[in-house]
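Observations on the three-dimensional arrangement
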Amino acid sequence: MQGKKIFKLLLFLLLITPSLTIASEEVAKEENSVKSEIKQDIMHHLQDAYDFHLFTDKTTNTHYGFPLPIILWDNGLHVFMSSKFHHGEAVAESKGNYYKIYHNKIYKTDAEGTLSMDENHHVTNAKPLDFSITKSVFSVMLISLLIFLLFRGFAKSYKKSHIPNAVGKFMEPLVLFVRDEIAIPNIGEKHYKKYMSYLLTVFFFIWFINLTGLTPLGINVTGNIAVTFCLALITFLITQFTSKKDYWKHIFWMPGVPVPMKFVLAPIELLGVFIKPFALMIRLYANISAGHIVLMSLVGLLFVFQNWFARGAFLGLTLFLSIIELLVAFLQAYIFTMLTALYFGGAVAEHDDHH
Amino acid sequence: MEIPAIVGAGLVVIGAGIGIGRIGGSAMDAIARQPEATNKIQTAMLIAAALIEGIGFAALFAV
Amino acid sequence: MEKLINEFSVGLFFWQTLLFLVLLFLLKKYAWKPILNAVNEREKSIEDALNKAEEAKKEMAELKSANEDLLKEARVERDEILKEARTLKDKIIAEAKTKANEDAERIVASARESIQHEKMAAVTELKNQVAVLSIEIAEKILKEELSSEAKQSSMISSVVNEIQLN
């Protein structure tokens, strides 16, 4: 029942957000400016940000949201709030150093904020080491905390009875799904237990993050290459460090094929070792980014068209794609987890039965 | 005349699309023929589709 | 590719790795282990209960078959006893019959014998009586016949005649 309610709420929000904005954006008449604005908005949304921006009132040019802490390492720790940048318009000063945001990156500048460019329009200013709590980092923190609290409560409820609490009733089949449909068939009864924690964490982390990406908060975490790189890297490292002898044998000296073929296969297999996590990284990143781009473009098209009939059609399409994206959010978490389990299974497989 | 890289990427995407479509279609046929093996077929289908998708991404990001 | 590398943010990577590892560790300790343990335990208890039910069923079946065996045995025993009793009865009856026959025969035989004896005795007595009577009669006749001399001589002559004829 709870899930249904949340689903209804989500649908309502999805319906209401574009329509509310239609009313407020009615004033924008010039089509070209609208188009470029939409493009800018989408690009802005896809990138990480230094403040948690919810929406902007264009008529009064006020931004709604809250600033996040900036943490820089530049011969000493510099910590200050991102409000100092005034949404990238001002130069921030910290302990005698000056910083400016240009194209979503922090550069060290002088007091006037002058940026020097080379002939390819790349900024040549020094970049401090940036460990800021950006919008994505903040979202990851929040969602991690949410996941932890939800599942801890779920785990605790087992102490009282065999029947879990409400969260558990919803999540337990998913936990069993990860165990029975992902881990055991791909890794095998013998070895699956030691990977369960990682598989479950990665599955629920990606799923929750993907779902929050569909809320009107405009969070786009798994559409950041650094995030997916991190997850793929951990999968890669676990695969290599838990692998058995057979795994390496199958890479460098494939049994059951003629000797010349072994020399051909070895580099291909070795390349495959790196391509597999790379594909994991790209797949998640590209799917989520593409989903966000498509959804935002469709919402943007609602403002481009003046015809109410076209707007209605695009509203329906947006709704349809939003539901598809809900499915994609789950599917990508599933595929990431399943391929991870598959690679783990390859690492621990013992091939004494065939060849 | 030089063909832009994006055209090549487009061709790869078309190829990958056809590939994934064929996988999906074949999987549907297989499920229709053997509904009791749905789970196994689905898993195999997703893995195969994911691999082709990887090629598609490689082309897209090579541009 | 260049776009991807350009987009890569070291800070985000650092935080993501840190947060994810912390989350992994915390969830492993506080969520996955208790959850998987509880699920395993429950699955095991269900399996145990099912096994136990199966066992009880088997035991019941065994008990039932044992009961049936016992019943069968009892029935066989009863039949045997009945059979034995019947044969015994038949034997007793037969024995009694033969004994009765024998007795009867014996009685009849002894009766017959005594009858024979009586008869013989009667006959003998009768013979004796007849003999006595005959002698008396003969005496009387003789007395009558031999009362005169003439009669005695005729008599002697006839007897002598008779002897000659023989």
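Please read all numbers here as calculations on a predicted model, not as lab measurements. (Residues numbered from 1 in each chain as written. Chains lettered and ligands numbered in written order. Predicted model: local features only at pLDDT ≥ 70, side-chain atom pairs only at ≥ 80, totals over all residues. Heavy atoms only, no water.)

A word on the overall build of chain B
Heads up, the condition is: The helix and strand labels rest on DSSP assignments: H or I over at least four residues marks a helix, E over at least two residues marks a strand, and numbering proceeds from the N terminus. Only C-alpha atoms enter the radius of gyration, while the globule expectation follows 2.2 Å times N to the 0.38, with N the number of residues. Note on classification: 1.4 Å probe, protein chains only; a residue is buried when its accessible area is under 20% of the maximum for its type, exposed when over 50%, partly exposed between these limits. Computed with the Shrake-Rupley method and a 1.4 Å probe, the accessible areas treat only the protein chains shown as cover for residues.
Helix and strand content of chain B: two helices and zero strands. Its C-alpha atoms give chain B a radius of gyration of 15 Å, clearly above 11 Å, the size a compact globule of 63 residues would have. Relative to its 63 residues, chain B shows a buried fraction of 30%. Accessible surface, chain B as shown: approximately 4100 Å² in total, 70% of it carbon and sulfur.

Some words on the overall build of chain C
Inclusion rule: Only four residue types enter the charge count, namely Lys and Arg as positive and Asp and Glu as negative; His and the chain termini do not. Taken as the charge location is NZ of Lys, CZ of Arg, CG of Asp or CD of Glu.
Helix and strand counts for chain C stand at three helices and zero strands. Listing the helices and strands of chain C from first to last along the sequence gives α-α-α. What you see for chain C is a C-alpha radius of gyration of 66 Å, clearly larger than the 15 Å of a compact globule of 166 residues, by over 25%. Expressed along its principal axes, the backbone C-alpha trace of chain C runs to roughly 200 × 30 × 15 Å. Among the 166 residues that make up chain C, the fraction classed as buried is 11%. Approximately 13900 Å² of chain C is accessible, and the part contributed by carbon and sulfur atoms is 61%. Between the centroid of the 26 positive side chains of chain C and the centroid of its 31 negative side chains there is a distance of 9 Å.

Topic: the packing of helix 8 (residues 259–304) of chain A against helix 9 (residues 308–348) of chain A
Threshold: Throughout, an axis means a line fitted to C-alpha atoms (over the contacting stretch in the case of helices), and angles, computed between N-to-C directions, take values from 0 to 180 degrees. Should an angle lie under 35 degrees it is considered roughly parallel, over 145 roughly antiparallel, and from 65 to 115 roughly perpendicular; all remaining angles are considered oblique.
Taken N-terminus to C-terminus, the directions of helix 8 of chain A and helix 9 of chain A make an angle of 170 degrees; their axes are 9 Å apart at the nearest point. Classified by the interaxial angle, the pair formed by helix 8 of chain A and helix 9 of chain A is roughly antiparallel.

Some remarks on the packing of helix 4 (residues 166–187) of chain A against helix 2 (residues 10–145) of chain C
Heads up, the condition is: Two residues form a contact once any of their heavy atoms are found within 4.5 Å.
Interaxial distance between helix 4 of chain A and helix 2 of chain C falls to 12 Å at its minimum, and their mutual angle equals 85 degrees. Overall, the two elements helix 4 of chain A and helix 2 of chain C adopt an arrangement that is roughly perpendicular. Judged by residue contacts, E172, V175, L176 and R179 of chain A of helix 4 of chain A engage W32, I35, L36, V39, N40, R42 and E43 of chain C from helix 2 of chain C.

Comments concerning the interface of chain C and chain A
For clarity, the cut-off: Two parts placed together each lose some accessible area; with a 1.4 Å probe, that loss summed over both constitutes the buried area. Think of a salt bridge as a Lys or Arg side-chain nitrogen and an Asp or Glu carboxyl oxygen that are within 4 Å of each other. Between N or O atoms, a polar contact is any pair within 3.5 Å; within protein, one atom must be a potential hydrogen donor and the other a potential acceptor, and residues adjacent in sequence are included only when both atoms are from side chains.
With 33 residues of chain C in contact, the opposing surface of chain A contributes 47 residues. Considering only the side of chain C, the residues that lose the most area to chain A are L12, F20 and W32 of chain C, jointly responsible for 19% of the buried surface there. The salt bridge involving E172 of chain A is made with R42 of chain C; its shortest N-O contact spans 2.7 Å. Taken together, chain C and chain A are joined by six residue pairs in polar contact (both at pLDDT 80 or more).

Remarks on the sheet that holds strand 6 (residues 97–102) of chain A
Residues and elements named next belong to chain A. Cut-off, in case you're wondering: Only strands that DSSP links by at least two bridges are regarded as paired with each other.
The strand order across the open sheet formed by three strands is 5-6-7, and the pairing between neighbours is antiparallel. Two strands bound the open sheet, and with one partner strand each, they are strand 5 (92–94) and strand 7 (105–109). Taken over all neighbouring pairs, the strand axes of this sheet differ in orientation by 35 degrees on average, direction set aside. Strand direction decides the pairing type here: strand 5 and strand 6, joined by three bridges, are antiparallel. Each bridged residue has a counterpart across the sheet, and for E93 the counterpart in strand 6 is Y98.

Brief notes about the side chain of D130 of chain A
If you trace the backbone, D130 of chain A turns up in strand 8 (residues 129–130). By relative accessible area, D130 of chain A is classed as buried at 18%. Looking at D130 of chain A, its side chain comes within polar contact range of the side chain of S132 of chain A, at 2.5 Å. Those residues in contact with D130 of chain A that lie beyond four places of it in its chain are Y50, I71, L72 and I106 of chain A together with G11 of chain C.

Considerations on the confidence of the model for chain C
Filter applied, for reference: Scored from 0 to 100, pLDDT reflects the predictor's confidence in each residue.
Predicted confidence across chain C gives a mean pLDDT of 88, with 98% of residues reaching 70 or more. For chain C, the element scoring lowest by mean pLDDT is helix 1 (residues 2–7) of chain C, at 76; helix 2 of chain C scores highest, at 90.

Things to note about the pairing of strand 2 (residues 62–67) of chain A
All names here are of chain A. In this sheet, strand 2 lies alongside strand 1 (residues 51–57) in antiparallel orientation, the contact comprising six bridges. Directly across from H53, in strand 2, lies its bridge partner G65. Between strand 1 and the antiparallel strand that follows it, strand 2, lie four residues; N61 among them carries a positive phi value of about 55 degrees.

A closer look at the pattern of salt bridges
Evaluated as defined, the whole model comprises five salt bridges over all chains. For D180 of chain A, the salt bridge identified is with R179 of chain A, shortest N-O distance 2.9 Å. Residue R179 of chain A is classed as buried on the basis of its relative accessible area of 6%. Because the salt bridges share partners, they merge into one network encompassing R179 and D180 of chain A together with E43 of chain C.

Observations regarding empty space enclosed by the protein
All names here are of chain A. Keep this limit in mind: Any residue with an atom within 4 Å of a point lines the site, the site being either a cavity, points on a 1 Å grid over the protein atoms alone where a 1.4 Å probe fits but cannot get out, or a pocket, an open set with protein on both sides within 12 Å along at least 5 of 7 lines. Grid points are joined across faces, edges and corners, and a volume is the space filled by probe spheres set on the points. Side-chain classes follow a simple rule in which Ala, Val, Leu, Ile, Met, Phe, Trp, Tyr, Cys and Pro form the nonpolar group, Asp, Glu, Lys and Arg form the charged group, and the remainder, Gly included, forms the polar group.
With the rule as written, the count across this model stands at three cavities of 30 Å³ or more. The computed volume of the largest cavity comes to approximately 50 Å³. Lining the largest cavity are H45, Q47, D48, A49, K135, S136, G218, I219 and N220. Within the lining of the largest cavity, the residues separate by chemical class into two nonpolar, five polar and two charged.

Focus on the sheet that holds strand 4 (residues 77–81) of chain A
Residue and element names in this part refer to chain A. A sheet is described by the order of its strands in space; here three strands give the open sequence 4-3-8, paired in antiparallel fashion. Bordering the open sheet on either side are strand 4 and strand 8, each of which pairs with just one other strand. Sheet topology note: the strand 3 (residues 69–73)/strand 4 ladder contains five bridges and is antiparallel. Directly across from P69, in strand 4, lies its bridge partner M81.

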